[in-house]
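One-letter residues, chain by chain:
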Amino acid sequence: MASTVTAHGQRLSYVDHGGSGPVVVLLHSFLMDGGMFAPQVDALGTRFRRITVDTRGHGDTPAEAPFDYWDVARDVLDLLDELGIERFAALGCSQGGFVALRLALLAPERVSALVVLGSSAAVENPDIGAAYRQLAANWVKEGPTDPIVDMVAAICLGSMPAEEWKAKWRARPVDTVEVLIGALVERASVLERLREIDAPALVLHGSADLAYPVDRGRELAEGLPNAAPLVVVEGGAHFLSLTDAAEVNTHLLPFLLANV
């Protein structure tokens, strides 16, 4: 069951799935929520204390003003402070990867390990960013029509059945979509700062990722000083934790057991 905390005026929804071992914080993708990590929560089991967070504008966490991913990272740190958690591993998929990298830069002494799935440290491609802004404008104007949600599902989830997530997208408030897109397309690069992150790192990227090419994952694996070699998931889509959960878990569990 979800719980909430409020820190510095921001309400944050999260689920503490329990477990007696090291803490793993799981950070979801754009338009998703903590439920996208159900396969990892199950696979990690009670050997780890698993916490999923609904970040600003997602799930039951509101976004009442523009924000950036540094703000979101600080939200997560505030939550962990409230829970009395000092050290944790950060796992992020896509947008969650943006947040995980910023957590490791803001609080390097607290991040025991880093796992990044289908993400990027670079700025958004300007042409893609313009297309995302147009999609957001259409969403606000017309609502979450079938062509819009079908396009999002194809980019993010590939051929995976997506009716559960499409239903959530149709039900979400339209007035936050442009704020969420703004955070996505306006984010700054952290490529030049990757060398500052010395936590053990694991980077996975799908070969069929339609949002970010494999080169974005390669930049991460090569730029993080203590990263394992890049894992390319053959045929993997963008939201790997769901679309390619078995492959992700095959690499995730031994990495965490060895490094946290």
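Keep in mind that what you see is a predicted model, and the values were worked out from it rather than measured.

Caption draft 1: Structural detail: unusual backbone geometry. One non-glycine residue, His8, adopts positive backbone phi at about 50 degrees. Checked against the element boundaries, His8 lands in the loop between strand E1 (3-7) and strand E2 (10-16). Note on His8: relative accessible area 75%, which makes it exposed. The backbone of Leu31 shows a phi angle near 70 degrees, a positive value even though the residue is not glycine. Position of Leu31 relative to the elements: it lies in the loop between strand E3 (23-27) and helix H1 (38-44).

Caption draft 2: Examining helix H2 (residues 69-82) more closely. A rise of 1.5 Å per residue sets the reference length of H2, with its 14 residues, at 20 Å; its end C-alpha atoms lie 20 Å apart and thus fit the reference within 8%. Within H2, burial applies to Tyr69, Val72, Ala73, Asp75, Val76, Leu77, Asp78, Leu79 and Leu80. The distance from a side-chain oxygen at the start of H2 to the backbone nitrogen of Trp70 is 3.0 Å, and the residue carrying that oxygen is Asp68. Gly84 sits one or two positions beyond H2 and adopts a positive phi of about 70 degrees.

Caption draft 3: Just the packing of helix H5 (residues 146-157) against helix H6 (residues 163-171), in detail. The N-to-C vectors of H5 and H6 enclose an angle of 130 degrees; their axes lie 10 Å apart at closest approach. For the element pair H5 / H6, the angle class is oblique. Crossing of H5 against H6: the hand is right-handed. When H5 is examined against H6, the residues Asp146, Val149, Asp150, Val152, Ala153 and Leu157 are found in contact with a partner set consisting of Trp165, Lys166, Trp169 and Arg170. When grouped by side-chain class, the residues that make up the contact of H5 with H6 number six nonpolar, no polar and four charged.

Caption draft 4: Structural context of the side chain of Gln40. For Gln40, the location among the structural elements is in helix H1. Overall, the relative accessible area of 0% leaves Gln40 in the buried class. With near-sequence residues (within four places) excluded, Gln40 lies in contact with Leu26, Ser241, Ala245, Val248, Asn249 and Leu252.

Caption draft 5: A look at the pairing of E2. One ladder, built from five bridges, connects E1 with E2; its direction is antiparallel. The partner of Thr4 across the bridge, within E2, is Ser13. Between E1 and the antiparallel strand that follows it, E2, lie two residues; His8 among them carries a positive phi value of about 50 degrees. Pairing of E2 with strand E4 (residues 49-54), which is carried by four bridges, proceeds in the antiparallel orientation. Following the sheet pairing, Val15 is matched in E4 by Thr52.

Caption draft 6: Just helix H8 (residues 214-223), in detail. For H8, the set of buried residues is Val214, Gly217, Leu220 and Ala221. Projected down its long axis, H8 carries its buried residues within an arc of 120 degrees, all on one side.

Caption draft 7: Expanded view of the packing of aromatic side chains. A full pass over the atoms with the stated rule returns two aromatic pairs. Consider the rings of Tyr69 and Phe98, whose centres lie 5.3 Å apart with planes at 55 degrees: the pair is tilted. On the criterion of sequence distance, the pair formed by Tyr69 in helix H2 and Phe98 in helix H3 (residues 95-106) is long-range, its members being 29 residues apart. The buried category is assigned to Tyr69, whose relative accessible area is 2%. Between Phe98 and Tyr212, the aromatic rings sit 6.3 Å apart at their centres with planes inclined by 70 degrees, giving edge-to-face as the arrangement. In this pair, Phe98 sits in helix H3 while Tyr212 sits in the loop between strand E7 (201-206) and H8, placing the two residues 114 residues apart along the sequence. The burial state of Phe98 is the same as that of Tyr212; both residues are buried. Geometry around Trp70 places Arg102 over its ring, the cationic atom sitting 5.4 Å from the centre.

The rules behind each value
Residues numbered from 1 in each chain as written. Predicted model: local features only at pLDDT ≥ 70, side-chain atom pairs only at ≥ 80, totals over all residues. Heavy atoms only, no water. Helix = DSSP H or I, 4+ residues; strand = E, 2+ residues; numbered from the N terminus. Buried < 20%, exposed > 50% of the residue type's maximum accessible area, 1.4 Å probe, protein only. Expected span 1.5 Å × (residues − 1). Polar contact = N/O pair within 3.5 Å; in protein donor to acceptor, adjacent residues only side chain to side chain. Axes fitted to C-alpha atoms, helices over the stretch in contact; angles between N-to-C directions. Parallel < 35°, antiparallel > 145°, perpendicular 65-115°, else oblique. Left-handed = near helix turned anticlockwise from the far one by under 90°. Contact = heavy atoms within 4.5 Å. Nonpolar A, V, L, I, M, F, W, Y, C, P; charged D, E, K, R; others polar. Pairing = 2+ DSSP bridges. Arc of directions from axis to C-beta. Phe/Tyr/Trp six-rings, centres within 6.5 Å; stacked < 30°, edge-to-face > 60°. Lys NZ or Arg CZ within 6 Å of the ring centre and 35° of its normal.

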